[in-house]
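# Inside the fold
Here is how the chains run, residue by residue.
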Number of protein chains: 2
Amino acid sequence: MNKYLQHDPWCIIEDGFHESKQLESESIFSLGNGYIGQRGNFEEYYSGEKMIGSYIGGIYYPEPAEHGIWKNGYADTNDKIVNAPNWNIISVRLNDERLDLASWDVKNFKRTLNMREGFLERSFEATNFKGHRIQVTVKRFLSMADTESAAISYTVKSLNFDGHISFLPLIDGDVRNKLTNYDEPFWNVLQTKTEKDVCHLWAQTRRIDFHVCGALTFSFYKNNELLNVNPTKIEKEKVAGFSVGTDVRTGDTVCLNKYVAILSSLNHPREELTTCAREKVKLSRDKGWNQLFAEHAAVWDEKWKQSDVIIDGDLEAQQAIRFSIFQLNQTYNGNDARLNISPKGFTGEKYAGATRWDTEAVCVPFYLCTAPQHVSKNLLLYRYRHLQKAIINAKKLGFENGAALFPLATFNGSESHNEWELSFEEIHRNGLIAYAIYNYVKYTGDESYLTDYGLRVLIALSRFWSQRVSVSEEKKKFVILGVTGPNMYENNVNNNWFTNYIAVWTLKYTLECIDKVKKNDFVKFEDLIHEIGFLNDETFRWKDIIKNMYYPTDKELGIFVQQGGFLDKTLIKVIDIPEDQRPVNQHWTWDRILRSSVIKQADVVQGLYLFEEFFDLKTLTANFNFYEPLTVHESSVSASTHSIVASAIGDKQKAYDLYLQTARLDLDDYNNEVSEGLHITSMAGTWLAIVQGFGGMRVKDNKLHFSPHIPDKWVSFAFNIRFRENQLNIRVEKNSTIIHNLKGDNIELYIDGKLIEVLANSQREVKI
Amino acid sequence: MNKYLQHDPWCIIEDGFHESKQLESESIFSLGNGYIGQRGNFEEYYSGEKMIGSYIGGIYYPEPAEHGIWKNGYADTNDKIVNAPNWNIISVRLNDERLDLASWDVKNFKRTLNMREGFLERSFEATNFKGHRIQVTVKRFLSMADTESAAISYTVKSLNFDGHISFLPLIDGDVRNKLTNYDEPFWNVLQTKTEKDVCHLWAQTRRIDFHVCGALTFSFYKNNELLNVNPTKIEKEKVAGFSVGTDVRTGDTVCLNKYVAILSSLNHPREELTTCAREKVKLSRDKGWNQLFAEHAAVWDEKWKQSDVIIDGDLEAQQAIRFSIFQLNQTYNGNDARLNISPKGFTGEKYAGATRWDTEAVCVPFYLCTAPQHVSKNLLLYRYRHLQKAIINAKKLGFENGAALFPLATFNGSESHNEWELSFEEIHRNGLIAYAIYNYVKYTGDESYLTDYGLRVLIALSRFWSQRVSVSEEKKKFVILGVTGPNMYENNVNNNWFTNYIAVWTLKYTLECIDKVKKNDFVKFEDLIHEIGFLNDETFRWKDIIKNMYYPTDKELGIFVQQGGFLDKTLIKVIDIPEDQRPVNQHWTWDRILRSSVIKQADVVQGLYLFEEFFDLKTLTANFNFYEPLTVHESSVSASTHSIVASAIGDKQKAYDLYLQTARLDLDDYNNEVSEGLHITSMAGTWLAIVQGFGGMRVKDNKLHFSPHIPDKWVSFAFNIRFRENQLNIRVEKNSTIIHNLKGDNIELYIDGKLIEVLANSQREVKI
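For clarity, every value in this text was computed on a predicted model and none was experimentally measured.

The rules we used
Residues numbered from 1 in each chain as written. Chains lettered and ligands numbered in written order. Predicted model: local features only at pLDDT ≥ 70, side-chain atom pairs only at ≥ 80, totals over all residues. Helix = DSSP H or I, 4+ residues; strand = E, 2+ residues; numbered from the N terminus. Rg over C-alpha atoms; globule rule 2.2 N^0.38 Å. Buried ≥ 20, exposed ≤ 12 C-beta atoms within 10 Å, placed from the backbone. Contact = placed C-beta atoms within 7 Å. Domains from an automatic or database assignment. Nonpolar A, V, L, I, M, F, W, Y, C, P; charged D, E, K, R; others polar. Expected span 1.5 Å × (residues − 1). Bend = angle between axes of the 7 residues up to and from the residue. Axes fitted to C-alpha atoms, helices over the stretch in contact; angles between N-to-C directions. Parallel < 35°, antiparallel > 145°, perpendicular 65-115°, else oblique. Pairing = 2+ DSSP bridges. Least-squares fit on C-alpha atoms with pLDDT ≥ 70 in both. Core = buried A, V, L, I, M, F, W, Y, C linked by C-beta atoms within 7 Å. Left-handed = near helix turned anticlockwise from the far one by under 90°.

### Things to note about the overall build of chain A
- Helix and strand content of chain A: 20 helices and 34 strands.
- Expected size for 768 residues packed as a compact globule is a radius of gyration near 27 Å; at 27 Å, chain A falls within 12% of this value.
- The C-alpha extent of chain A, read off along each of the three principal axes, is 85 × 60 × 55 Å.
- Sorting the 768 residues of chain A into buried and exposed places 55% on the buried side.
- Considering only contacts within chain A whose residues lie at least 6 apart along the sequence, 68% involve residues at least 24 apart.

Below, the structure written as structure tokens:
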């Protein structure tokens, strides 16, 4: 826990330089645009602690996997996000003295992340040991309008210095990963070239042939007038750039605008990379800072219209929810089905930057509500495009007949994680991928997705489940042995209730979709089943499984049992674990964790959340009240899921308490780990805790439902969502809910079970 | 499976050069003397496939552990056996041509491991591309009389070569491990030095300060006359030695005897290492080959007197059991409580050369019967000396009050293995360490061991179990959650029957020993409990656990259930698994193995074996018949344990079939893995299958019992054992058993339940 940032509705502000918090600040002040991402590293040289981080969507490194002991079925590589050539550098010199905030005297430091317009600004005064004093203002953004472009404006005013000021705008290809490659370089720099005032650095990832070209150019101003300087070219083996400078006197202001383009072979032919990158930065410079920024800010304006949340009466909460929405939009723009969302987004190396089931669990619902339909559709297509690899993955594990097991963590569809207890056993991810299809179709009504893509995936998933279950002669039931449920603090269990449930649900939903697609487009249906060799006979076993699955339950307690044997454990409430042993994953051995009853994250409760409609209030309440007190919420998406269920069962206080655990997780650094990066996917959970939790939003039978309640501390809260053709603003006040139909036709929806109609371009208030 | 070796009662013979089998032969033809070990590498240069292996007991390398994902409680290092400076080299040149069996034409190749006298001999004719032909005979041994000494006699006869023959006896410090260090050198060579005709190489292991010095000298003969040559010194950065040569004509014979000493800082002050090593080789040379060899062979003669097994009517079996006894005596001599036995002994790098619970499970019973008492006692003291580290290890995992968890694999008492499912969970090893104490006291009658060492260990083990169990409110019983039983093909299970059983047995035995020691030596007892803070109150919980432990059982099937939920599995008999999927660990994914019912090795049956006396025949039979058909015996100690239990329940055919699976495991390379090294500990199991299985040997109430039966194929079999003061030979024939009391007083023992007395120095026949 750690509060050094100022509260503000639209900005994250660090007032005064918190040197010991620089790693944390680098995470918090990260920028991204869904294609490239950049930690809040300083542009100028900095000798203090830092973690340089510059990332490009879709570019990863397949590090050969080393294993203590190999297990058959493991992947050959551990793929990981690559720290990419660093385009963020502008070194600054006063005569021969290099500006360095770690060694210079710094005053009036202020750093601001402006979320409304999506830029980072920093200003400070700095004095070196010779007494030379300057005032610095730096502003940068990664364009949301042209995601291959970024720009930095670096302004220095001499406060007492007469002499030569020079700037070194650079691209550095000599970068390494900090956490994962133990000093092995991931890049071959193929070319560094400077020509006039444009330069580029062309690099290739080792072992796998991704090419990246970063180009830069600049404009240089003195006292707001463009200077035509003759730059010194810097063209080293792994660094390209310029040194430009001018003489100044006290009161003079010099400014360097650095224009950057980052292109990759994912989007351009390799042979055109350097030319395209150079052209792009020239165009950016011609366009100029203001125009470039205006185009960028316009995109943010539109994003906020679609996704803003307003909380009246709680400035901290207001800031935090905007931070979440901002980061989610920085991480994923939904324009490229090859990209996805890793738990840390573009803000750090942890979790290797790979995609996990967070995407289906929390991100899909967020983007469904806050972005055009193609955005969430592309998240689904990501898995669709990986279907063949998921089939190969399942085959490797002994499954047949086109059964698919999607990877636990991936960049390209192949498994990139190698812990048997997760990659082989944490298989509910397959259920969540089915659920995301269900969710998407339910929210958008787009049944054509099933015909064109979804059904093919669903059948492959159902084929997996039908082979993964086995029969217990003892129980005379189908069982699922050897799994790791969402609670990863227990591995290789039998009959995880959630896994068994979502397996059966997948089979049911697939059967439903088969009927639907057959009806909607018989020709395409016939083509599909012919192509994948699907036989109706397969469904006999599915129906048998649906009818005869074993679900561990305890009738006396009235609960679903998390897994076979869970009640053999000595149940310890989290409240009885001493504070100094929390989080337990930092204080207990794995041995102790495994044997304890401690639950890492929503497990049975994950099922309650996803399948709420199938359970009565008594069941929901009994299970929630049994499991929540055992749960340490040491996954960042746990508290939000619990908060939503708490809202659903009417436990408002618990809902709010749990919401607080997730709301400012990163801004206040609850777990002392924000230095490693932000919990991007968890932020979608925070948003869901407001909209599905406090707002009580559900979709049933093609209609929106709300059953809002408001935390006591808040005066009101409002959120923007898209629902099919409509753009809506829902404002929840103490005694009423106001629906504003901003765009689209008249819409019918339910408030607290009561059907109302809101006419186009109008609003309607419903009193409680 | 692979048979290229000749059958012989006392020798292992390779007739003709099996080049493609060289790696296998290197393992088979390994030599050792309990302190140093040497794979069957050729002395001369060999460009073919090879795995150089020279090992020194107690010298290991603590490689920093790298983990995909760190789990709290893991060890910081993976310790592993080190390939030590190679003293085995004698390079041979004819003029400038280097002898190389991979490129020269080889005829009449014969390699013989003489087990009776413990030496390796090799002879062949070789012709190079110039047509030069020589006949070679090489003989080497690692002295059992002075374990720091080894000698090689290398004889070359010119068959048609007139010219210069030279020998290069060397020690090479530029050695690496093949399997484990990925080319990282483990040694710093501190000094190479030649002086007159003695040289040494002094090296230090990196990261940990073991010092080793290898010294060598030689005698050089031509036509059996000693030559006083002036050797060329070889003194490179990492190699030391000489080049000695002479001119020869057709028919001449030259011979180089190389005398080697290998000393380590485990036994000598570092500063004296080089001097001592040099002195030792000079003494060896002065003593001369014949005397040195005679002293060595005399030790083997005595070993065979104590441990030989004679099988009449089955040459293959005869050869194999002698190979087992030979290898076990080569691996461990019991003179140093700092050393122990790793599964591969000194024959390869696999399993990192660390000590595991094989020691207690099979090796202790073997050495108890075949070696002086101090040998097995030292195996026990190995654990006693590691008790404090085992307490620290348990503490790291959260256990208190002096509870001990011994490591899964170790060199120095610390855990050197890092798979949570084994290091944290495969805890029955703790039970086996208690059982070894029980076994030792039962066999030797040496209750003073309990007073001086054993009870301290037992209390620490019981303290562990009493904390490791927990209470299941549901079952109203004590349970043990999260363990991996002996069947490692299933991890993190609850209530493994064997683990629960041995835990309770340990508590009972500890209580028994507390009473015994209290009675035997009250003063020492008081000192002990004072020192370790033992309170009688602790035993209340132990007694509670003894009374209320949960044992999974199935009354209908009349069996103990391997673990909670085991009967949920689809039970597949091994006979129904297609041959081409065996061994399953090479063909199935880990995922499939975990979910299957396949049992790797004796699990419930391990309990039947250890605690046979507590079960009636019906129970033993029902469990054996249920579990054996599910067991793939993919651990090398599985078949022998099963064979013994099969003998005990009177299933003679099964006992013999299972014995065959273990008897020639390495000689016939059943699992195509002997290239990696021999299954040393499993060889003790083979011996037990004969003595405890076919011989039916047990100890009850200080008396030996036998209930022999003989495999149909055999005419008779006989084994030598020591029992306390007596040396006995037991010969089992078709219709009678003959006990020969070779040494010691009159002895009373039981044959098939009938008490007989065998007078000193006489024999007695009991008819069936």
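### Remarks on the interface of chain A and chain B
- The interface of chain A with chain B comprises 38 residues on the first partner and 38 residues on the second.
- Element by element, the count of residues in the side of chain A that touches chain B is highest for helix α15 (residues 590-595) of chain A, at five residues.

### Overview of the domain arrangement of chain A
Residues and elements named next belong to chain A.
- Looking at chain A, the domain boundaries give domain 1 (5-304) and domain 2 (372-551).
- In this structure, domain 1 and domain 2 have C-alpha centres spaced 42 Å apart.
- If you look at the interface, domain 1 gives ten residues, while domain 2 gives nine residues.
- The biggest single contributor to the side of domain 1 that touches domain 2 is strand β7 (residues 77-81), with three residues.
- For the side of domain 1 that touches domain 2, the per-class residue count stands at four nonpolar, four polar and two charged.

### Section: helix α20 (residues 680-694) of chain A
All names here are of chain A.
- For α20, spanning 15 residues, the distance from its first C-alpha to its last is 21 Å, which sits close to the expected 21 Å at 1.5 Å a residue.
- Its maximal kink placed at L688, α20 deviates by approximately 30 degrees.
- Burial analysis of α20 places 15 of its 15 residues in the buried class, the great majority of the element.
- Positive phi appears at G696, one or two residues downstream of α20, with a value of about 60 degrees.

### Thoughts on unusual backbone geometry
- The peptide bond linking R582 of chain A to P583 of chain A adopts the cis configuration, its omega dihedral lying at -10 degrees.
- Among the secondary structure elements, P583 of chain A is positioned in the loop between β26 (559-560) and α14 (584-587).
- We note that N492 of chain A has phi near 55 degrees; this positive angle belongs to a residue other than glycine.
- Among the structural elements, N492 of chain A can be located in the loop between β24 (477-479) and α11 (497-520).
- Overall, N492 of chain A belongs to the buried group, with 22 C-beta atoms counted inside 10 Å.
- Unlike most non-glycine residues, N223 of chain B shows phi in positive territory, near 45 degrees.
- Here N223 of chain B shows up in the loop between β17 (211-222) and β18 (225-226).
- Under the C-beta neighbour-count criterion, N223 of chain B is labelled exposed, with 12 such atoms within 10 Å.

### Some details on the packing of helix α18 (residues 638-648) of chain A against α20 of chain A
All names here are of chain A.
- α20 packs onto α18 with a crossing angle of 5 degrees between their chain directions and a minimal axis gap of 8 Å. On the basis of their axis angle, the class for α18 and α20 is roughly parallel. For the pair formed by α18 and α20, the contact residues are S640, T641, S643, I644 and S647 on the first element and S682, G685, T686, L688, A689, Q692, G693 and F694 on the second.
- Of the residues in the contact of α18 with α20, the class split is four nonpolar, nine polar and no charged.

### Some points on the sheet that holds strand β4 (residues 36-38) of chain A
All names here are of chain A.
- Taken in spatial order, the three strands of this open sheet run β3-β4-β5, and their pairing is antiparallel. In this open sheet, the two strands that pair with only one neighbour each are β3 (31-32) and β5 (54-56).
- Examined bridge by bridge, β4 and β5 share three bridges and lie antiparallel to one another. Each bridged residue has a counterpart across the sheet, and for Q38 the counterpart in β5 is S54.

### Focus: the relation of the copies chain A and chain B
- The two copies are related by a screw operation: chain A maps onto chain B through 180 degrees of rotation and 0.0 Å of translation along the axis, at an RMSD of 0.0 Å. The operation mapping one copy onto its partner corresponds to a two-fold rotation axis. No C-alpha of chain A lies nearer the rotation axis than that of N492 of chain A, which sits 3.2 Å from it.
- Comparing interface residues between copies, 100% of those in chain A also sit at the interface in chain B, which points to an isologous, same-surface contact.

### A word on the pairing of β7 of chain A
All names here are of chain A.
- Summarising burial for β7: four of the five residues are buried, a large majority.
- Relative to β7, strand β6 (residues 60-64) runs antiparallel, the two being bridged by five bridges. Counted as the bridge partner of E63 is N78 from β7.

### Details of the pairing of strand β8 (residues 86-94) of chain B
Residue and element names in this part refer to chain B.
- Across the nine residues that make up β8, a large majority, seven, are buried.
- With seven bridges joining them, β8 and strand β14 (residues 163-172) adopt antiparallel strand pairing. In the strand pairing of β14, R93 is matched with S166.
- Taken together, the two bridges between β8 and strand β9 (residues 97-98) define a ladder with antiparallel strand orientation. By the bridge assignment, R93 is partnered in β9 with R98.

### What about the nonpolar core?
- Grouped together as the largest cluster of nonpolar side chains are 460 residues, with contacts concentrated most on A404 of chain A together with A404 of chain B.
- In contact with A404 of chain A, other than residues within four places in its own chain, are L387, A390, I391, A394, A460, L461 and F464 of chain A.

### Comments concerning the environment of H386 of chain A
All names here are of chain A.
- Within the secondary structure, H386 is located in the loop between α6 (373-385) and α7 (387-396).
- C-alpha of H386 to C-alpha of R249: the two residues are 137 residues apart in sequence and 61 Å apart in space.
- Among residues more than four places away in sequence, those in contact with H386 are F406 and G413.

### Examining helix α10 (residues 448-468) of chain A
Residue and element names in this part refer to chain A.
- Here α10 contains 21 residues, and its C-alpha end-to-end distance of 29 Å stays within 8% of the 30 Å for a straight helix at 1.5 Å per residue.
- Largest kink in α10: about 60 degrees, centred on G454.
- Burial analysis of α10 places 16 of its 21 residues in the buried class, the great majority of the element.

### Remarks on the sheet that holds strand β8 (residues 86-94) of chain A
- With antiparallel pairing, five strands are arranged side by side in an open sheet as β9-β8-β14-β20-β19 (chain A). Edge strands, defined here as strands with exactly one partner in the open sheet, are β9 (97-98) and β19 (232-235) of chain A.

### Details of the packing of helix α10 (residues 448-468) of chain B against helix α11 (residues 497-520) of chain B
Residues and elements named next belong to chain B.
- At a minimum axis separation of 9 Å, α10 and α11 run at an interaxial angle of 145 degrees. Handedness of the crossing formed by α10 with α11: left-handed. In this structure, α10 contributes L450, T451, G454, L455, L458, I459, L461, S462 and W465 to the contact, and α11 contributes A503, T506, L507, Y509, T510, C513, I514, K516, V517 and N520.
- Partitioned by chemical class, the residues of the contact of α10 with α11 number twelve nonpolar, six polar and one charged.

### Concerning the environment of L5 of chain B
All names here are of chain B.
- With respect to the helices, strands and loops of the structure, L5 is situated in strand β1 (residues 5-6).
- Separated by 127 residues in the primary sequence, L5 and H132 have C-alpha atoms spaced 29 Å apart.
- With sequence-adjacent residues up to four places away left out, L5 is seen in contact with I12, I13, E14 and L667.

### Brief notes about the environment of Q327 of chain A
All names here are of chain A.
- Tracing the chain through its elements places Q327 in helix α4 (residues 315-331).
- Taking the C-alpha atoms as reference, Q327 lies 23 Å from I89; in sequence the two are 238 residues apart.
- Aside from chain neighbours lying at most four places away, what touches Q327 is G345, L678, I680 and M683.

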